[in-house]
Each structure stands twice: as C-alpha cells, then as structure tokens.
Amino acid sequence: MDLMDDQCLWRLRFRKDIVMELCNLLQPDLQRQTRLGTALTVASKVTIALNFYATGSFQAATADISSISQFATHSSMGQVTDALCKRRRDHISFLMSREKQLEQQTRFVRFADFPRVQNAIDCTHVALRALQNNPEFFRNRKVFYSLYVQLVCNHNHKIIAVDAQYPGSSHDAFILCQTGMPGVFAGPNQDCSWFLGDKGYPLCTGLLTPLRNPRTAAQQAYNDSQSAIRCIIEQTIGILKQSFRCLDRSGGVLQYSPEQVSLFVVVCFMLHNLAIKRAQPLEDEAAVPPDEEDQEEEAQEHDMQQEEEEAQEEDQDEGRRPRRKRRSHRDPAREGLNHLIAVRFR
C-alpha cells in the first residue's frame with residue numbers, strides 16, 4: 001500500500017497500521033483466485049472499501065485512489081463488506097464479564113451521578129434511495145427514505161449491539177420489541193443495572209426513560225442526569241456519521257438495496273469499535289451537532305403537555321373532576337423508577 005500515514009487518516013479514517021491489520025485479517029477471504037496479473041491485491045480491495053465507507057461515494061475511490069473501473073470497485077466493496085460481516089461477533093458483542101459491567105456502572109456514576117447504568121440505547125436514520133416496491137415503508141417522518149438503525153453503546157462510545165434491518169417508518173418501541181431487547185432488560189442482571197433510552201421507548205423492567213412531566217426537584221434531577229447520559233449515545237451517532245460519511249446524508253444517499261445498506265451499517269459500526277480498541281482518535285465530539293430527532297420529540301412532547309394542561313383547566317372551570325389516567329394493575333417498572341428517584345435524586 002503506497003499511502004502515507006497522514007493520507008490513510010484523511011482518506012480512510014484509519015492509521016496505516018490498522019489498515020494493514022485489516023488486510024491481514026481478511027487475507028483468507030480476499031486473496032486472488034486467479035493467476036492473472038491484473039487481479040486486485042488484498043490491500044487494494046481493503047483501501048477501496050474503506051474509502052467508500054469514509055466518503056459514501058465509490059466514484060471517489062475509483063478516481064482518487066485506485067484508478068480502476070467502477071465494476072471492479074463495486075466488486076471489491078462487496079467482498080470486503082461480506083468478509084467483515086462474517087467477523088461481526090468478534091467486534092460487536094453484548095457479553096461481558098461482571099468486572100466490566102461494574103466498571104461501566106462506575107464510569108456512568110462519575111459522569112452523571114446516575115447509579116447502576118449499564119448502557120444507553122437509541123435509533124438513527126441512514127438514508128437510502130427510493131425503492132420501486134413499497135417505498136412508503138422506508139419513508140420516515142422527515143420525508144426521506146431510510147433504514148432505522150437501533151444501537152446500544154457504553155460509556156466509551158463502543159457499540160455493543162446493533163440492528164439495521166428495519167425501514168425508516170418504524171418506531172423506536174416497535175424495533176425494541178422485535179429485537180428481543182426487553183428479554184435482555186429482564187434477564188438475570190437486571191436487578192443490578194439499567195439501560196437508558198429516550199421518550200420514544202416505553203418504560204419497562206430494566207429500561208429507564210425520561211419523565212414526561214416532572215413535578216418535583218427530585219424528578220427534575222433524575223431527568224437531568226438521564227439526559228446527560230443519553231448525550232453519550234447521541235455523540236456516538238454523531239461520531240459514526242462524521243467518521244463514515246456513507247451513513248450520513250451529507251455523503252449522499254446510498255444507491256443500494258436495504259439489505260446491502262444494512263451490511264454497510266454493521267461494518268461501519270465494527271470499524272468504529274476497532275478504532276476504539278486500537279486507540280484510534282475519534283472525530284471531535286464537541287463538533288457533533290444537536291440531535292434533530294430528539295429536538296422534534298421534545299417539541300411534540302411539550303405540545304402534548306400543553307394540551308393536557310388546557311384540558312384539565314377546562315374541566316376545572318366547568319366544575320368537573322380533572323381527568324386522570326388510572327392504572328388498573330401494578331406496574332413494577334414504574335414502582336422501580338419511583339423508588340430510584342426517591343432514594344437517589346431526593
């Protein structure tokens with residue numbers, strides 16, 4: 001590979017030693033299957049794929065780095081993507097030792113004074129081209145076509161779980177149920193740790209969400225700490241999209257099928273974790289813009305609260321008892337949240 005270290009960082013987002021490590025790792029899958037001297041080397045294929053992930057345009061890889069045909073570029077990208085996906089469990093894993101779990105909880109306590117937090121969960125859109133069949137399934141609320149990707153990260157921005165197979169019209173709560181994450185929340189470790197999500201998720205055992213209408217100082221303190229931790233996963237999404245422009249609309253809309261885009265997402269998340277493991281500097285977290293999706297949700301939530309308050313005032317003016325939502329059954333998740341707020345955030 002002829003690129004210098006600074007060229008690797010600029011064009012591929014990785015140091016040269018990490019690129020060579022990837023070449024050695026993928027050698028069995030990418031080595032030449034022909035004796036023709038025109039066959040691409042493993043280093044060329046890996047360089048082409050990394051440049052695509054970094055820029056989102058395979059034309060840039062063709063003209064700027066390798067000067068080969070678009071067909072060869074497309075073929076190389078597919079080979080590298082498939083080879084990396086075979087190793088996804090080596091880089092994205094939910095399993096960890098008890099010591100690692102306690103370490104993560106300690107880091108979250110230091111960061112936001114929130115006890116027993118294990119991970120944060122959220123979703124983000126990855127834009128793709130409009131499909132010929134059932135395109136509306138992929139049209140999201142921002143009126144562009146996308147996959148809606150669910151991810152879970154820890155305090156260090158490391159991705160420990162990802163699901164990238166759902167269309168852009170899906171809701172956070174729907175994806176949560178389909179991926180089986182509630183079973184993880186209610187697993188044997190749920191008594192000693194929490195997951196944190198935003199208002200798009202339901203409150204359930206092991207998963208804490210913001211209070212919709214905090215009324216006491218303790219409830220507001222809980223929301224503030226919860227929001228501070230959720231900033232970590234929002235920063236993680238921003239870092240991913242800055243490092244891998246193929247995931248961001250600024251790099252252009254991906255002209256591939258949803259299945260192929262899903263593979264690109266998984267591979268970029270793997271490479272993100274590899275960068276963390278090899279101490280590769282991440283994109284500047286301070287440069288990550290505010291999450292527009294969360295801002296929209298907060299605005300919608302504010303409108304709903306205003307409508308509810310106005311309805312209660314109308315009932316009081318008319319002499320009727322204010323409307324209240326009554327729970328007909330015991331809610332362990334709600335009781336656990338109330339206990340946490342009363343003990344920790346009072």
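Preceding this paragraph is the structure being described.
Computed from a prediction, not measured in an experiment: that's the story for all the values here.

**Here's the deal with the overall build of the chain**
Looking only at helices and strands, the chain features 13 helices and 5 strands. Across the 346 residues that make up the chain, the buried fraction comes to 48%. Residue pairs in contact within the chain that sit at least 24 positions apart in sequence constitute 67% of those at least 6 positions apart. Of the roughly 18200 Å² that the chain leaves accessible, carbon and sulfur atoms contribute 49%.

**Concerning helix H1 (residues 5-12)**
Buried residues of H1: Cys8, Arg11 and Leu12, and no others. Around the axis of H1, the buried residues are gathered within 85 degrees of arc, so they sit on the same side. Summarising the geometry of H1, the exposed residues directed more than 90 degrees from the buried face are Asp6 and Trp10. Count one or two residues on from H1 and you reach arginine 13, which has phi positive near 70 degrees.

**Points about unusual backbone geometry**
Glycine aside, residues mostly have negative phi angles, and peptide bonds mostly take the trans form. With a phi angle near 70 degrees, arginine 13 is a residue other than glycine that sits in the positive phi range. As for its position among the elements, arginine 13 is in the loop between H1 and helix H2 (16-30). Classification of arginine 13 as partly exposed rests on a relative accessible area of 21%. A positive phi angle, close to 70 degrees, is found at histidine 157, a residue other than glycine. For histidine 157, the position within the fold is in the loop between strand E2 (146-153) and strand E3 (159-167).

**Brief notes about the state of the cysteines**
In total, this model carries 0 disulfides according to the counting rule given. Sulfur of cysteine 8: no disulfide; nearest cysteine sulfur belongs to cysteine 23 and is 9.4 Å away. For cysteine 8, a relative accessible area of 0% translates into the label buried. As a non-bridged cysteine, cysteine 204 has cysteine 177 as the owner of its nearest cysteine sulfur, 7.8 Å distant.

**A look at the packing of H2 against helix H3 (residues 42-55)**
Packed helices, taken two at a time, are described by the angle between their axes plus the distance between the axes. Remark: H2 packs on H3, axes separated minimally by 9 Å, with the N-to-C direction vectors making an angle of 115 degrees. Between H2 and H3, the crossing angle belongs to the class labelled roughly perpendicular. Seen from above, H2 lies across H3 with right-handed handedness. Taking contact as the criterion, the partners of Val19, Leu22, Cys23, Leu26, Gln27 and Leu30 in H2 are, on H3, Val42, Ala43, Lys45, Val46 and Leu50.

**A closer look at the packing of aromatic side chains**
Throughout the structure, instances matching the rule amount to 9 aromatic pairs. Here phenylalanine 94 and phenylalanine 195 contribute two aromatic rings whose centre-to-centre distance is 5.8 Å and whose plane-to-plane angle is 15 degrees, an arrangement assigned as stacked. Of the two residues, phenylalanine 94 is situated in the loop between helix H6 (88-91) and helix H7 (98-112) and phenylalanine 195 in strand E4 (residues 194-196); the sequence distance between them amounts to 101 residues. Its relative accessible area of 5% is what places phenylalanine 195 among the buried residues.

**Structural notes on the nonpolar core**
Judged by nonpolar contacts, the single largest core of 75 residues is most densely connected at Tyr53 and Phe269. No other element matches the 11 residues that helix H11 (residues 258-277) contributes to this core. Apart from residues no more than four positions distant in its own chain, tyrosine 53 is found in contact with Met77, Val80, Thr81, Leu84, Phe244, Arg245, Cys246, Phe264, Val267, Cys268 and Leu271. Residues Val152, Phe195, Tyr201 and Leu207 belong to the second largest nonpolar core, which totals 12 residues.

**Some details on the pairing of E3**
In terms of burial, E3 is largely enclosed, as 8 of its 9 residues are buried. In the sheet, E2 pairs with E3 via 6 bridges, with the strands oriented antiparallel. Bridge pairing links leucine 151 to valine 162 in E3.

**Considering the sheet that holds E3**
An order of E3-E2-E1-E4-E5 is seen for the 5 strands of this open sheet, with the pairing classed as mixed. Of all strands in the sheet, those bounded by a partner on one side alone are E3 and strand E5 (207-208). Contacts from helix H10 (residues 217-243) reach strand E1 (117-127), E2, E3, E4 and E5, with the element oriented near 45 degrees to E1.

**Regarding the side chain of asparagine 223**
If you trace the backbone, asparagine 223 turns up in helix H10. Side-chain polar atoms of asparagine 223 contact the backbone nitrogen of leucine 211, separated by 2.9 Å. In contact with asparagine 223, other than residues within four places in its own chain, are Pro210, Leu211 and Pro214.

**A word on empty space enclosed by the protein**
Under the criterion given, the structure shown has 1 cavity of 30 Å³ or more. The space that makes up the largest cavity amounts to roughly 30 Å³. Looking at the lining of the largest cavity, the elements that each hand over two or more residues are E1 and H10. Examining the composition of the lining of the largest cavity, we find that 3 residues originate from one element, H10, more than from any other. Taken together, the residues that form the lining of the largest cavity break down as 5 nonpolar, 1 polar and 1 charged.

Quick notes on the rules
- Residues numbered from 1 in each chain as written.
- Predicted model: local features only at pLDDT ≥ 70, side-chain atom pairs only at ≥ 80, totals over all residues.
- Heavy atoms only, no water.
- Helix = DSSP H or I, 4+ residues; strand = E, 2+ residues; numbered from the N terminus.
- Buried < 20%, exposed > 50% of the residue type's maximum accessible area, 1.4 Å probe, protein only.
- Contact = heavy atoms within 4.5 Å.
- Areas by Shrake-Rupley, 256 points an atom, 1.4 Å probe, with all protein chains shown as cover.
- Arc of directions from axis to C-beta.
- Disulfide = S-S within 2.5 Å.
- Axes fitted to C-alpha atoms, helices over the stretch in contact; angles between N-to-C directions.
- Parallel < 35°, antiparallel > 145°, perpendicular 65-115°, else oblique.
- Left-handed = near helix turned anticlockwise from the far one by under 90°.
- Phe/Tyr/Trp six-rings, centres within 6.5 Å; stacked < 30°, edge-to-face > 60°.
- Core = buried A, V, L, I, M, F, W, Y, C linked by side-chain atoms within 4.5 Å.
- Pairing = 2+ DSSP bridges.
- Polar contact = N/O pair within 3.5 Å; in protein donor to acceptor, adjacent residues only side chain to side chain.
- 1 Å grid on protein atoms, 1.4 Å probe; cavity = no way out; pocket = protein on both sides within 12 Å on 5 of 7 lines; lining within 4 Å.
- Points joined across faces, edges and corners; volume = space filled by probe spheres on them.
- Nonpolar A, V, L, I, M, F, W, Y, C, P; charged D, E, K, R; others polar.

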